[in-house]
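Analysis of the macromolecular model
Here's the letter readout for the chains.
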Amino acid sequence: MKPLKTISGHIVDIENRNIYDGILHISGDRIEKITKSDDVSDQYILPGFIDSHIHIESSMLVPSEFAKIAVTHGTIGAVCDPHEIANVNGVKGVEFMIENGKTVPFHFFNGAPSSVPTTSFETNGAKLGVAEIDELLSNKDIYHLSEMMNVPGVVFNDETVSAIIDLAKKYNKPIDGHAPGISSENLKLYAKAGISTDHECSTIDEAIEKINSGMNILIREGSAARNFDALVPLFDKYPEKLMFCSDDKHPDDLVKGHINLLVKRAVKLNYNLFDVLAAACINPVKHYNLNTGFVKTNDKANFIVVNNLSDFDIIKTVINGNIVAESNVSLIETKPPTIINKFNISEITVDEIAVEYSGNESINVIEAIDGELFTNKILVKPTVKDNKIVQNIDDDILKLVVVNRYNKAKPAVAFIKGFNLQSGAIASTVAHDSHNIIAVGTNDNDITTAINAIIETKGGICCSKDGKTDILKLPIAGLMSDLEASEVATQYQNIDAKAKQLGSTLKAPFMTLSFMALLVIPEIKLSDKGLFDGCKFEFISL
């Protein structure tokens, strides 16, 4: 890290919608004073970017390694939901994320996961009840109650859900939402309960209805769900209600860019510069009460220096008065993380994932949609061989398997369309929200081989074909690597390419796979307990 004493440039005052020339004088981690000057460097100084909602675990990097990459893109902080590791390791998982984040100069604003487990229709590794949420929210390192995914629990005043929401109000901490497709009276009840944000909007009409109910909209552009194009017109009428977020960002995408890319896209679409920068830099600070500063006297010295206000090429990223990235090079050092995990099963056999044919003329099949978390339920005539329902590669009807990683149990099996694999199988322990093992494949041998490779390494993402495997090991909770960021990104790029060589036409096959067990997103998904209808909120038969 390089301590910074002075820096000059065109200073962007987002709040007052003004740009002026001046020199920042820095003492320790604070801006001691700002002097106006006509002789400054031809560069722009503005508050750093903040991701208003992200699961760091989905980057497959521990927080310290995530920060190492994020600062090169001008990100100085992230509003984090450690929901994924909490589903595996509970409070200890949240504490791991907090403590690892403290080892580097970056602002991780962690929340208390509100919905662990998300539903009772799946098996996970831990439970955060009212007592655990109280413990977390009382922690000064916890800034908000993370996305409230139990929408029915909010709408119908479930006793536990109401108690958790009341705790957030007691500690005066914002409550994040997660309510895809909710509308009308249910939306009004959800918002009235105190839910202040939503990052699940896929249409502008949905977003406007939520804004009119009093909620703020986080425009999401992640590795799987990409809603920027649909929602960016909101800047025309509702800029003060907007923020940018990633939600889930795989390592190969993170290396390419972060919030800076959304700012650049929005400005090039001719949306107001100050509105866009407010969404990226100061709206999250105000909403979540973050102590990061707006490049003013006595503020914390957290800011970025860019070449201009159209390309937003990052010259420097400064956090707490230190240069942490310069000219696309991170100055944050890699520090080996501790290992935390929960895995308690042995290998499975091919026979365990066989599906007996019961004589039905059609079966319920999940249809995955590229770039969306939603799925469709379609009826398909089964392909039967030796009285067993099998894959039909020509029609893209593949087998989907979820294996309980916490206790030995019979695997759950369904069929899925949309992956377009022509051979082999892919599998992962990144499987929202309980993070059991999920796999999809063209034949049972390769599916079993991929699953067993992951069981052997106690976490990872894997490609399998003809008995041979490629695997990115994720020994930390089955979600994150213990390697440094660039190595993880390279390995992920390689295994993503392998999945596409197997025939997948999805932009991010592993990211899409990870959401096929997310029961709270309709229409149907597969948990370790069976096929689940997310509209009726009940199990259905194959």
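Heads up: the structure comes first, above all this text.
Notes on the structure in this doc start here.

About the thresholds
Residues numbered from 1 in each chain as written. Predicted model: local features only at pLDDT ≥ 70, side-chain atom pairs only at ≥ 80, totals over all residues. Heavy atoms only, no water. Helix = DSSP H or I, 4+ residues; strand = E, 2+ residues; numbered from the N terminus. Rg over C-alpha atoms; globule rule 2.2 N^0.38 Å. Buried < 20%, exposed > 50% of the residue type's maximum accessible area, 1.4 Å probe, protein only. Contact = heavy atoms within 4.5 Å. Areas by Shrake-Rupley, 256 points an atom, 1.4 Å probe, with all protein chains shown as cover. Lys, Arg positive; Asp, Glu negative; His and termini not counted. Charge placed at Lys NZ, Arg CZ, Asp CG, Glu CD. Right-handed = clockwise from strand over helix to strand, strands pointing away. Phe/Tyr/Trp six-rings, centres within 6.5 Å; stacked < 30°, edge-to-face > 60°. Polar contact = N/O pair within 3.5 Å; in protein donor to acceptor, adjacent residues only side chain to side chain. Salt bridge = Lys/Arg side-chain N within 4 Å of Asp/Glu carboxyl O. Axes fitted to C-alpha atoms, helices over the stretch in contact; angles between N-to-C directions. Parallel < 35°, antiparallel > 145°, perpendicular 65-115°, else oblique. Left-handed = near helix turned anticlockwise from the far one by under 90°. Nonpolar A, V, L, I, M, F, W, Y, C, P; charged D, E, K, R; others polar. Pairing = 2+ DSSP bridges. Expected span 1.5 Å × (residues − 1). Bend = angle between axes of the 7 residues up to and from the residue. Disulfide = S-S within 2.5 Å.

1. Some remarks on the overall build of the protein chain
Along the backbone of the protein chain there are 15 helices and 30 strands. By the compact-globule yardstick of 24 Å for 542 residues, the protein chain fits well, its C-alpha radius of gyration being 23 Å. Across its three principal axes, the protein chain shows a C-alpha extent of roughly 85 × 50 × 45 Å. A burial count over the protein chain gives 64% of its 542 residues as buried. Taking contacts inside the protein chain between residues at least 6 apart in sequence as the whole, the part at least 24 apart equals 69%. By element, 46% of the accessible surface of the protein chain is carried by carbon and sulfur atoms, the whole surface being about 19,700 Å². In the protein chain, 51 side chains carry a positive charge and 71 a negative one; their mean positions are 2 Å apart.

2. A closer look at the pairing of strand S7 (residues 75-80)
Each regular strand shows side chains that alternate between the opposite faces of the sheet. Among the 6 residues that make up S7, 6 are buried, leaving the element largely enclosed by the rest of the structure. Handedness of the β-α-β unit built from strand S6 (residues 49-54), helix H1 (residues 63-70) and S7 comes out right-handed.

3. Quick notes on the packing of aromatic side chains
Per the stated rule, a full pass over the model turns up 12 aromatic pairs. Relative to Phe108, the ring of Phe106 lies with its centre 4.7 Å away and its plane at 50 degrees, an arrangement referred to as tilted. No difference in accessibility class separates Phe106 from Phe108, as the two residues are buried. Aromatic pair Phe121 and Phe539: ring centres 5.5 Å apart, planes at 80 degrees, arrangement edge-to-face. Residue Phe121 is found in the loop between strand S8 (107-112) and helix H4 (130-137), and its partner Phe539 is found in strand S30 (residues 538-539); the two are separated by 418 residues along the sequence.

4. Overview of the side chain of His199
Residue position: His199 is located in the loop between strand S11 (197-198) and helix H8 (204-212). At a separation of 3.2 Å, a polar atom in the side chain of His199 contacts the side chain of Glu147. In this structure the side chain of His199 is engaged in a polar contact, spanning 3.4 Å, whose partner is the backbone oxygen of Gly177. Apart from residues no more than four positions distant in its own chain, His199 is found in contact with His53, Glu147, Gly177, His178, Leu218, Arg220, Asn227, Cys245 and Asp247.

5. What to know about the pattern of salt bridges
Taken as a whole, this structure holds 26 salt bridges when the rule is applied. Between Glu15 and Lys286 there is a salt bridge, and its shortest N-O distance comes to 3.2 Å. One end of the pair, Glu15, is in the loop between strand S2 (6-13) and strand S3 (18-27); the other, Lys286, is in helix H12 (residues 273-288), with 271 residues separating them in the sequence. Judged by relative accessible area, Glu15 falls into the partly exposed class, the value being 34%. Salt-bridge contacts for Lys296 lead to Glu15; the nearest nitrogen and oxygen are separated by 2.7 Å.

6. With respect to the packing of helix H3 (residues 91-101) against H4
Closest axis-to-axis distance for the H3/H4 pair is 11 Å, and the angle between their directions is 15 degrees. Viewed along their axes, H3 and H4 adopt a mutual orientation that is roughly parallel. Like other packed secondary-structure pairs, H3 and H4 cross with a definite hand, here right-handed. Contact with H3, carried on its side by Val91, Val94 and Glu95, involves Glu132, Glu135 and Leu136 of H4 and no other residues of that element. A breakdown of the residues in the contact of H3 with H4 according to their chemical character gives 3 nonpolar, no polar and 3 charged.

7. A few points about the sheet that holds strand S13 (residues 242-245)
The strand order across the open sheet built from 3 strands is S11-S12-S13, with neighbouring strands paired in parallel fashion. Two strands in the sheet have a free side with no partner beyond their single neighbour: S11 and S13. Examined bridge by bridge, S11 and strand S12 (residues 216-220) share 2 bridges and lie parallel to one another. In the strand pairing of S12, Thr197 is matched with Asn216.

8. Regarding the sheet that holds strand S26 (residues 460-465)
The sheet built from 8 strands is open, its strands ordered S19-S18-S23-S22-S25-S24-S26-S27 with mixed pairing. At either end of the open sheet lies a strand with only one pairing partner, and these are strand S19 (375-380) and strand S27 (468-473). Averaged over all neighbouring strand pairs, the angle between strand axes comes to 25 degrees, with direction disregarded. Where strand S22 (residues 398-403) lies against strand S25 (residues 437-441), 5 bridges are found, and the strand directions are antiparallel. What sits directly across from Val401, in S25, is Ala439. Set on the sheet, helix H13 (residues 444-457) makes contact with S22, strand S24 (425-428), S25, S26 and S27; between it and S26 the angle comes to about 145 degrees.

9. Quick notes on H12
With 16 residues, H12 extends 22 Å from end C-alpha to end C-alpha; this agrees with the ideal 22 Å at 1.5 Å per step. The sharpest bend along H12 reaches about 55 degrees and sits at Ala279. Burial analysis of H12 places 15 of its 16 residues in the buried class, which makes it a mostly covered element. With a side-chain oxygen positioned 2.9 Å from the backbone nitrogen of Phe274, the residue opening H12 is Asn272.

10. As for the state of the cysteines
Linking two cysteines covalently via their sulfur atoms produces the bond known as a disulfide. Tallied over the full model, the rule gives 0 disulfides. The structure places no disulfide on Cys462, whose sulfur is separated from the nearest cysteine sulfur, that of Cys463, by 6.7 Å. Lacking any disulfide linkage, Cys535 is separated from the closest cysteine sulfur, that of Cys201, by 17 Å.

11. Things to note about the pairing of S24
Both faces of S24 are covered, namely the face carrying Ala425 and Ala427 and the face carrying Ile426 and Ser428. Note that S24 and S25 share 4 bridges and pair antiparallel. Its bridge partner lying in S25, Ser428 is registered against Ile438.

Taken by themselves, the reported measurements are silent on function.
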